[in-house]
Amino acid sequence: MVINRKEKSASRDFGNLVHHLPRAVFHPRSPQDIASLVKTSYESPAPFTISVKGQGHSTRGQAMARGGVVVDMRALREENNSNKKKNIRVIWREEGYYGDVGGEALWADVLREAAEMGVAPASWTDYLYLTVGGTLSNGGISGQSFKYGPQISIVHEMDVITGKGELVTCSSHTNSELFHAVLGGLGQFGIITRARIALHPAPKMVKWVRLLYNDFSAFTKDQERLISINGRKHNNNDNNDDDVALDYVEGMLLMHQGPINNWRSSFFPLADHPRIISLVTQHSILYCLELAKYYDEKSENNVDKEMQGLLEGLSYMPGFYYEKKVSYVEFLNRVRSGELKLQSQRQWDVPHPWLNLFIPKSQIMDFDSGVFKNIIFKRNITTGPVLIYPMNRSK
Ligand SMILES: Cc1cc2nc3c(=O)[nH]c(=O)nc-3n(C[C@H](O)[C@H](O)[C@H](O)COP(=O)(O)OP(=O)(O)OC[C@H]3O[C@@H](n4cnc5c(N)ncnc54)[C@H](O)[C@@H]3O)c2cc1C
């Protein structure tokens with residue numbers, strides 16, 4: 001058998017740990033093409049495995065099909081590009097704005113086109129060069145999830161190709177079982193070809209803050225406190241603009257991982273690197289709380305005061321407060337420049353072992369001592385980011 005370049009690329013993913021060769025790679029030009037392929041397999045006396053590949057940013061071969069057919073969604077993007085078709089179609093209804101996006105679209109393109117029209121989805125992933133179908137099959141989590149829920153919670157409707165090769169529109173009212181199975185369904189219940197997502201007026205700017213801690217208990221308490229003020233309003237009125245909460249809360253470990261501005265974004269001023277490094281040397285592990293508040297011309301005058309109010313009483317190390325003001329698009333696309341740097345250094349295509357865990361509040365201290373201190377620190381595991389997203393279970 002001759003293996004061509006496309007089949008080889010369908011046997012790799014971001015994890016670069018698992019490699020399964022498909023028998024063929026399918027390049028659809030329309031959702032109907034995919035439906036025909038699935039139908040052919042379903043009606044065949046010898047059905048074959050079909051897997052959909054978005055950007056292939058999985059870490060354990062989830063988008064591969066050993067001996068089967070990989071549907072490469074990039075082909076749909078290329079088809080749309082050549083027809084100059086937009087990645088998002090914005091719709092206005094009485095209840096608000098929606099956007100229809102293709103399952104093959106990259107979130108980075110959705111952001112760019114939506115922001116040009118003054119709207120944006122509320123929930124994101126940290127990294128945007130992932131497909132809509134890929135993250136909706138997983139969950140789609142970032143620092144906004146405590147407030148708006150993961151990306152699967154902002155979806156109103158989808159077009160899905162079922163295992164029988166039928167194109168079905170589903171929502172929480174129509175074909176609801178399919179809708180709920182496909183969202184977060186790891187690509188096992190259907191192929192998403194269109195998602196209708198909620199949109200909001202896009203903020204213009206972001207006040208972005210990082211605070212350093214040497215005490216995990218103080219760090220995690222502050223994270224929990226900040227996400228608990230979610231939804232509270234000034235003057236108890238319902239106007240969304242008056243929401244006093246932050247728009248984004250995350251956190252990360254800082255250890256001796258080479259440059260203090262890691263690949264995820266350059267942030268700390270160069271002049272402060274020596275004192276941060278000496279703090280890491282002194283404490284071995286630091287915890288960095290990362291926050292953001294969105295604003296625009298209307299709220300610009302209040303944002304500093306509001307941020308100050310939110311940070312009052314927090315227990316970060318005095319003097320280790322850093323802030324930046326950047327555009328909304330720059331903030332959301334913050335991981336891209338680090339990716340391009342790693343790619344240029346040929347460090348992007350390396351193996352990426354990766355683990356995501358939900359940890360209940362009651363056990364987060366045990367996790368710090370058992371994993372961060374006793375495994376990561378003691379064994380000096382200093383490569384790769386360790387991120388800590390505080391979540392509200394209700395979301
Ligand atoms: C650098 C990096 C940063 C990341 N950051 C985050 C983050 O901040 N938050 C977060 O939640 N995740 C994050 N992820 C994980 C990412 O969301 C998932 O790996 C996601 O599946 C990747 O999307 P993809 O387009 O590459 O999907 P793929 O890896 O191609 O596919 C993933 C799964 O979805 C299925 N699938 C793909 N497209 C469709 C479709 N149209 N319909 C049905 N099933 C489909 C595939 O068959 C497979 O099972 C990150 C990944 C990387 C590499």
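Criteria and cut-off values
- Residues numbered from 1 in each chain as written.
- Predicted model: local features only at pLDDT ≥ 70, side-chain atom pairs only at ≥ 80, totals over all residues.
- Heavy atoms only, no water.
- Helix = DSSP H or I, 4+ residues; strand = E, 2+ residues; numbered from the N terminus.
- Buried < 20%, exposed > 50% of the residue type's maximum accessible area, 1.4 Å probe, protein only.
- Lys, Arg positive; Asp, Glu negative; His and termini not counted.
- Salt bridge = Lys/Arg side-chain N within 4 Å of Asp/Glu carboxyl O.
- Contact = heavy atoms within 4.5 Å.
- Near = heavy atom within 4 Å.
- Polar contact = N/O pair within 3.5 Å; in protein donor to acceptor, adjacent residues only side chain to side chain.
- Areas by Shrake-Rupley, 256 points an atom, 1.4 Å probe, with all protein chains shown as cover.
- Domains from an automatic or database assignment.
- Buried area = accessible area lost by both parts, 1.4 Å probe.
- Nonpolar A, V, L, I, M, F, W, Y, C, P; charged D, E, K, R; others polar.
- Pairing = 2+ DSSP bridges.
- Axes fitted to C-alpha atoms, helices over the stretch in contact; angles between N-to-C directions.
- Core = buried A, V, L, I, M, F, W, Y, C linked by side-chain atoms within 4.5 Å.
- Phe/Tyr/Trp six-rings, centres within 6.5 Å; stacked < 30°, edge-to-face > 60°.
- pLDDT = per-residue confidence, 0-100.

Novice: Please set out unusual backbone geometry residue by residue, giving values where relevant.
Specialist: At serine 284, a residue that is not glycine, the phi angle is positive and equals roughly 75°. Note on placement: serine 284 falls in the loop between α9 (273–283) and β12 (286–295). A positive phi angle is found at asparagine 380, which is not glycine, with a value near 55°. The exposed category is assigned to asparagine 380, whose relative accessible area is 53%.

Novice: I'd like a rundown of the side chain of glutamate 104, residues and numbers included.
Specialist: By secondary structure assignment, the location of glutamate 104 is in the loop between β5 (96–102) and α4 (107–116). Summary of buried charges: glutamate 104 has no salt-bridge partner, and the nearest side chain of opposite charge, lysine 85, is 5.5 Å away. Those residues in contact with glutamate 104 that lie beyond four places of it in its chain are Met73, Leu76, Arg77, Asn80, Thr131 and Thr193.

Novice: Residues and numbers for the site of the ligand, please.
Specialist: Of all residues adjacent to the ligand, which total 32 residues, the nearest are Val52, Gly54, Ser58, Thr131 and Ile141. Between the ligand and glycine 54 there is a distance of 2.7 Å, counted from an oxygen atom to a backbone nitrogen or oxygen. The fraction of the free accessible surface of the ligand (950 Å²) that becomes covered by protein chains is 93%. Among the secondary structure elements, those contributing two or more residues to the shell around the ligand are β2 (50–53), α5 (132–136) and β9 (191–201). Residue assignment places the shell around the ligand across two domains, with domain 1 (5–77) and domain 2 (84–201) each supplying three or more.

Novice: Give me the lowdown on helix α3 (residues 74–82), citing residues and values where you can.
Specialist: Burial in α3 covers these residues: Ala75, Leu76, Arg77, Glu79 and Asn80. In this fold, the buried residues of α3 make contact with α2 (31–43) and β3 (69–72).

Novice: Give a detailed account of the domain arrangement of the chain, specifying residues and quantitative values.
Specialist: Per the domain assignment, the segments of the chain are domain 1 (5–77), domain 2 (84–201) and domain 3 (205–377). Relative placement of domain 2 and domain 3: their C-alpha centres are 26 Å apart. At the junction of the two partners, domain 2 supplies 16 residues and domain 3 supplies 22 residues. Carbon and sulfur atoms make up 56% of the surface buried where domain 2 meets domain 3, a total of about 1,600 Å² over both sides. The largest share of the area that domain 2 buries against domain 3 comes from Asp126, Phe146 and Lys147, three residues that together contribute 38% of it. Run the count over domain 2 and domain 3 and you get two salt bridges. The salt bridge involving lysine 147 is made with aspartate 247; its shortest N-O contact spans 3.0 Å. Here domain 2 is connected to domain 3 by nine residue pairs in polar contact (both at pLDDT 80 or more). Where the side of domain 2 that touches domain 3 is concerned, the elements lending two or more residues are α4 and α6 (145–148). A breakdown of the residues in the side of domain 2 that touches domain 3 according to their chemical character gives 11 nonpolar, three polar and two charged.

Novice: Could you give me a rundown of the sheet that holds β3, with the residues and numbers involved?
Specialist: Strand-to-strand pairing in sheets goes through backbone hydrogen bonds, with the strands running parallel or antiparallel. Ordered in space as β1-β3-β2, the three strands form an open sheet in which the pairing is parallel. Each edge of the open sheet is held by one strand with a lone partner, namely β1 (24–26) and β2. Ignoring strand direction, the axes of neighbouring strands in this sheet form an average angle of 30°. In this sheet, β3 lies alongside β1 in parallel orientation, the contact comprising three bridges. Pairing of phenylalanine 26 across the sheet is with valine 71, part of β3.

Novice: Before we move on, can you summarise the pattern of salt bridges with the specific residues and values?
Specialist: Taken as a whole and assessed by the stated rule, the structure comprises 19 salt bridges. Here arginine 29 makes a salt bridge to glutamate 79, at a shortest N to O gap of 3.1 Å. Of this pair, arginine 29 sits in the loop between β1 and α2 while glutamate 79 sits in helix α3, and the two are 50 residues apart along the sequence. Note that lysine 207 is salt-bridged to aspartate 304, the shortest N-O span being 2.8 Å. Note that lysine 207 is positioned in strand β10 (residues 205–213) and aspartate 304 in helix α10 (residues 300–311), a separation of 97 residues in sequence. When its relative accessible area of 3% is taken as the criterion, lysine 207 is described as buried. Relative accessible area serves as the criterion here: at 36%, aspartate 304 is assigned to the partly exposed category.

Novice: An account of the nonpolar core is requested, with residue identities and associated values reported.
Specialist: Met158, Leu212, Tyr328 and Phe331 are the most contacted members of the largest nonpolar core, which has 59 residues in total. Residue contributions to this core peak at five residues, all from α4. A domain split of this core shows at least three residues from each of domain 2 (84–201) and domain 3 (205–377).

Novice: Give me the packing of aromatic side chains: which residues, what numbers.
Specialist: The final tally for this structure, using the stated rule, is 20 aromatic pairs. A ring pair is formed by phenylalanine 14 and tryptophan 354, whose centres lie 6.0 Å apart and whose planes are at 75°; its orientation type is edge-to-face. Of the two residues, phenylalanine 14 is situated in the loop between α1 (5–9) and β1 and tryptophan 354 in the loop between α12 (336–344) and α13 (364–377); the sequence distance between them amounts to 340 residues. With a centroid separation of 5.8 Å and 75° between ring planes, the pair formed by tyrosine 213 and phenylalanine 219 is classed as edge-to-face. One exposure class covers both tyrosine 213 and phenylalanine 219, and it is buried.

Novice: Before we move on, can you summarise the pairing of strand β11 (residues 248–254) with the specific residues and values?
Specialist: For β11, a buried count of seven out of seven residues is recorded, marking the element as mostly surrounded by other parts of the structure. When β11 meets β12, the two strands line up antiparallel, connected through seven bridges. Pairing of glycine 251 across the sheet is with leucine 289, part of β12.

Novice: Tell me what's going on with the confidence of the model for the chain, and back it up with residues and numbers.
Specialist: Here the chain averages 92 in pLDDT, and 93% of its residues register 70 or above. Predicted confidence is poor over residues 235–241, with pLDDT under 50, and the contacts of this stretch with residues over four places away or in other chains come to five contacts.

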